[in-house]
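Coordinate analysis (summary)
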Amino acid sequence: MSAKGLRKLLLVGNPNVGKSVIFGYLTGKYATVSNYPGTTVEVSQGNALIGTHNYTVMDTPGVNSLLPMSEDEVVTRNIILNEEFDSIVQVADTKNLRRSLLITLQLSEMGVPFVMALNMADEAENLGISTDLASLSEKLGVDTFSTTATRRKGITKLMEAIPAPRRSVLTIRYTEDIEKAILAMEPLLPESRISRRSLALMLLGGDTSLKSWLHSRLDRADVDKLDAIVKGTQAQYSDSLGYQINKERLTVVDRVAVQTQTRLKKPERGVRRWLGDITMHPVWGLPVLIVVLGLMYEFVGVLGAGTMVNFMETQVFAKWINPYAIGFFQAVMPVNFLRELFVGPYGIVTMALTYAIAIVLPITATFFIAFGMLEDSGYLPRLAIMVNRIFKTIGLNGKAVLPMVLGLGCCTMATLTTRILETKKERIIVTFLLALAIPCSAQLGVIMGMLSSISPMATLIWVGVLVVVLFLAGYLASIIVPGDPSDFILELPPIRMPKLKNIFMKTIGRIEWYLKEAVPLFVLGTLILFTADKTMLLKLVEKAGSPIVVNLLGLPPKTTEAFLIGFLRRDYGAAGLFTMQKAGLLTPVQVLVSVVTITLFVPCIAQFFVTIKERGMKTAVIMLCIVFPFAVLTGAVLNFGLNAFGITLQ
Amino acid sequence: MFENKACDPNLCNTEVTIDEFLEEIWLAEESGGKAEKAAMFVDAGLAKDTERANAILHQMKKDGFVSLHDGKDAAFTDKGRERAKKLIRRKRLAEKLLAEVFALGADEIKTTACQFEHILSPEVTDSVCSFLGHPPTCPHGKHIPQGDCCNKLAQQMKPLVTPLTDLQPGNRAKIVFIAPKDHSRMDRLSTLGIVPGTIIHLHQKKPALVIRSGETELALDIEIANEIYVKIME
């Protein structure tokens, strides 16, 4: 307990067992709740009043074992190892008790005090699974509670027990060789918040993430001795010791699970099961995917990018805000220069805010709502199964579908999500493809608007070019980038009806993030254009860019402006093209060429910064140096191709 | 859990004792140590009858199975190692057979396997090995030395244990062993509850393999499923 009397509580458990919901309930602050394994990469913290005590609550990343095998698991293990906590709530999935008990057993071995919440009790009940809580509590030696966090059931009782957690009495004796090794290792290990036995088991299990922690606490000689014991013990086994240890743990755990849980009835094959099955069916999965994409298009493309943008642009901004703003600035701002800064052709209100709020916001908002539904419904992992094969050709596996689909919303956010991928190779490839070929929703909305007004052939060519570029670039990247792809082992959560409140909270959070990130850049971009325009620099840049823009791409010189701001944000650039098209400055062929080029164009500033942060400066710059020429070259090839074949798209 | 020591020869049979000694040396080699004579005698239950034990050991030396260093540590000759390898193979295959097929308890497995190891003929050993799908490890996780049948992957006998990919959707099966390329894959699967003994239900094989174990549903690559060996359940 810290000096201020603020206690600390950790939430620990498998992925997708509802930790975040319990966290939100305890702290009042909402963390991302999602079905896709591994989205809680960052640790959320919040404050809660439990009983008469104030607690800091930490929501740790989901783990399947405290013998860490992924970054997430390292984080959680390190929190338990290093944080000065007073209590742990282990959140378990009632219907998957066996896997939760694997963690319980490890908490028990660590000797840390905890209480256990058997969550998702409603789902277990529907499956006819009944749990003898009294017997379970007795066997474990800790208090166990049945909860349904989404309906706030059982939480009050759980909260009452949090201030008085107990140490579990569940124990296990391993094979003689392992026990012998533990005995030899214990005296060498340092004192810490968790038992020496548990540390020894982690080391035996092949955990290398403890190395630096050990080195900071022990002599080199002792660390070497520990190493020697681990190596000596492992040498006697052809299976890995980690596997052997887990195998033996599962035998103990299975016994507890069998003794405390019974299946009262055979589960009926409900609608949700059926839905879950057809969404990953080798044949029916495809039509389902098409329907899902179709619905998304209707919602984001037609409602968001069409109806809502139209209303915001032609009604809210054109009729209400802009005339009012122009009137206002004309009244209070006598200097023409400053007035134009706000309401001129490159004005902050008339250009930056109009683009950001009227054109881009409705599209992003509808996309995030749709994406939230996909996440919470449990469809995304099934989609990962459907695309697994195809993704293999570009050095990835199905798991990469999450950042790729999210990239259709916002590539910056998606670049952050590449953390869920297991190998460096996969992260680099996905980051690269996000920078090159995945248009974000803002851009997508504008582009769809532009393409829909010319022949459908144009849309087909645009999609075709993108798909070819995506797979060609991905295939090349998979050859060039060194390293191995990771195993495709993916847990599928059951299909669930998304809770509207969750979606709402998540969408609000994402929009907030988006506004904070995008609007300043829109304003900055406008300021640059404004300055360039006033200083005649714009004309110069247009002239300098014209060999590329006019000769290679066959576009009017003014499009340089759009590409110039495209360096800040591709969607902002696209919006510039959109206005030009509306003003009748572009032929259909020019529309298609410019749209293809801007889609492939350099990532926006924010995405570039995140790429630097996640992948390092060198990789980010190399990507930029590939993406820019690639985009222009593709545009040029398309331009010459269309002209050579006399395709006018009229 | 199980014991990993050599068997206790109650029978006063020289052949059996020779086998016991060979086994002791094998286990010592496996754990990277040396087979000390004194320890061997104790483990073989001959601590009190060192005269006989020494006599047998010298006979083994004469027969070209072992060499003695400093009169204290015993080590294999090539001939001795070859015989020990077959012996260990018989014992561990027997353990696997008893554990997987007859689902015997740890004690029964130990005593029965100890008898099997001395009596299985080479043909029967290979049949058991094929029947079990050429398992790489015994129930205790120790290596089973390969025989000729493993290299030929003889399929004459319909194996009881098959790769998961050979099942049809809808089949229920029990995992017998997992033989992955790398250790981390094994570790990952085990934290998801996929270990020998786990009962799984194969849901579909395309576009990716989906299995269900309890209420956990997992999608796997075909390559991974190929390394999971199962026994079909009715």
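Considering the pairing of strand β9 (residues 228-233) of chain B
Residue and element names in this part refer to chain B. Looking at chain direction, strand β4 (residues 161-163) and β9 are connected through 3 bridges and run antiparallel. Directly across from Thr162, in β9, lies its bridge partner Val230. The pairing of strand β5 (residues 172-178) with β9 spans 6 bridges and is classified as antiparallel. Pairing of Lys174 across the sheet is with Lys231, part of β9.

Thoughts on unusual backbone geometry
With omega at -5 degrees, the peptide bond leading from Lys206 of chain B into Pro207 of chain B counts as cis. Even without a glycine there, the phi angle at Asn16 of chain A is positive, about 55 degrees. Here Asn16 of chain A falls in the buried class, since 24 other C-beta atoms lie within 10 Å of it. Positive phi, normally seen in glycine, also occurs at His134 of chain B, with a value near 55 degrees. One can find His134 of chain B in the loop between α6 (122-131) and α7 (148-152). In this structure His134 of chain B comes out as buried when scored by C-beta crowding, with 23 C-beta atoms within 10 Å.

Remarks on the packing of helix α20 (residues 441-452) of chain A against helix α25 (residues 570-582) of chain A
All names here are of chain A. Their axes nearest at 8 Å, the elements α20 and α25 cross at an angle of 20 degrees. For the element pair α20 / α25, the angle class is roughly parallel. Once α20 is placed against α25, the crossing between them reads as left-handed. Where α20 abuts α25, its residues Ala442, Gln443, Val446, Ile447, Gly449 and Met450 lie against Arg570, Asp571, Ala574, Ala575, Leu577, Phe578 and Gln581. In terms of residue class, the contact of α20 with α25 is built from 8 nonpolar, 3 polar and 2 charged.

Regarding the interface of chain B and chain A
Facing the 39 residues of chain B at the interface are 41 residues of chain A. Within the residue set of the side of chain B that touches chain A, elements represented by two or more residues are α8 (183-191) and β8 (216-220) of chain B. Here the side of chain B that touches chain A takes 9 residues from α8 of chain B, the largest share from any one element. Both strand β10 (residues 489-492) of chain A and β8 of chain B contribute to a ladder of 4 bridges, which runs antiparallel. Along β8 of chain B, the bridge assignment pairs Leu492 of chain A with Glu217 of chain B.

Let's talk about the nonpolar core
Membership of the largest hydrophobic core comes to 231 residues, with the highest contact counts inside it found for Val89 and Val595 of chain A together with Ala219 of chain B. Looking at which element gives the most residues to this core, the answer is helix α15 (residues 348-377) of chain A, with 18 residues. Ignoring sequence-local partners within four residues, the contact set of Val89 of chain A consists of Leu9, Leu11, Phe114, Val115, Ala117, Leu158 and Ile162 of chain A. Counting residues in each nonpolar core, the second largest holds 21 residues, with Ile18, Phe21, Ala35 and Phe65 of chain B among its members.

Describing the sheet that holds strand β2 (residues 66-69) of chain B
In spatial order, the strands read β1-β3-β2 (chain B); together these 3 strands make up an open sheet with antiparallel pairing. Looking at which strands have only one partner, the edges of the open sheet turn out to be β1 (35-36) and β2 of chain B.

Points about the confidence of the model for chain A
Residue-level pLDDT values for chain A average 87, and 96% of them are 70 or greater. Segment residues 32-40 of chain A is flagged for pLDDT under 50; beyond a separation of four residues in sequence, or across chains, it makes 32 contacts in the model.

Notes on α20 of chain A
Residues spaced three or four apart along an α-helix point in a common direction, a consequence of the helix completing one turn every 3.6 residues. All names here are of chain A. With 12 residues, α20 should reach 16 Å at 1.5 Å per residue; the first-to-last C-alpha distance of 16 Å fits that figure. The element α20 is extensively covered by neighbouring structure, given that 11 of its 12 residues are classed as buried. Turning to α20, its buried residues are Ser441, Ala442, Gln443, Leu444, Gly445, Val446, Ile447, Met448, Gly449, Met450 and Leu451. Packing partners of the buried residues in α20 comprise α13 (285-332), α15, α21 (456-480), α25 and α26 (588-600).

Points about the environment of Leu140 of chain A
All names here are of chain A. When you line up the elements, Leu140 lands in helix α5 (residues 133-140). Measuring from C-alpha to C-alpha, the distance between Leu140 and Ser108 comes to 8.4 Å, with 32 residues separating the pair along the chain. Excluding residues within four positions of it along the chain, Leu140 makes contact with Thr104, Met116, Ser168, Val169 and Leu170.

Considerations on the sheet that holds β9 of chain B
Strand order in the open sheet formed by 7 strands is β10(A)-β8(B)-β7(B)-β6(B)-β5(B)-β9(B)-β4(B), and the pairing between neighbours is antiparallel. Both outer strands of the open sheet, β10 of chain A together with β4 of chain B, are each paired with one neighbouring strand and no more. Strand-to-strand, the axes of this sheet are offset by a mean angle of 40 degrees, without reference to chain direction. Relative to strand β7 (residues 209-213) of chain B, strand β6 (residues 199-204) of chain B is paired through 3 bridges, and the arrangement is antiparallel. If you follow His201 of chain B over to β7 of chain B, its bridge partner there is Arg212 of chain B.

Here we look at α25 of chain A
Residue and element names in this part refer to chain A. Its 13 residues give α25 an end-to-end C-alpha distance of 18 Å, which sits within 8% of 18 Å, the value for a rise of 1.5 Å per residue. Looking only at α25, the buried set comprises Arg570, Asp571, Tyr572, Gly573, Ala574, Ala575, Gly576, Leu577, Phe578, Met580 and Gln581. Those residues of α25 that are buried are in contact with α15, α20, α22 (500-534), α24 (559-566) and α26. Where α25 terminates, the next one or two residues include Gly584, which has phi positive at roughly 75 degrees.

Some points on the confidence of the model for chain B
All names here are of chain B. Across chain B, the average pLDDT comes to 82, with 91% of residues at 70 or higher. Within the model, pLDDT remains below 50 along residues 1-6, and this stretch shows 20 contacts once partners closer than five positions in the same chain are excluded. Our summary of model confidence lists the complex with pTM equal to 0.77 and ipTM equal to 0.81.

What counts, and where the lines are drawn
Residues numbered from 1 in each chain as written. Chains lettered and ligands numbered in written order. Predicted model: local features only at pLDDT ≥ 70, side-chain atom pairs only at ≥ 80, totals over all residues. Pairing = 2+ DSSP bridges. Helix = DSSP H or I, 4+ residues; strand = E, 2+ residues; numbered from the N terminus. Buried ≥ 20, exposed ≤ 12 C-beta atoms within 10 Å, placed from the backbone. Axes fitted to C-alpha atoms, helices over the stretch in contact; angles between N-to-C directions. Parallel < 35°, antiparallel > 145°, perpendicular 65-115°, else oblique. Left-handed = near helix turned anticlockwise from the far one by under 90°. Contact = placed C-beta atoms within 7 Å. Nonpolar A, V, L, I, M, F, W, Y, C, P; charged D, E, K, R; others polar. Core = buried A, V, L, I, M, F, W, Y, C linked by C-beta atoms within 7 Å. pLDDT = per-residue confidence, 0-100. Expected span 1.5 Å × (residues − 1).

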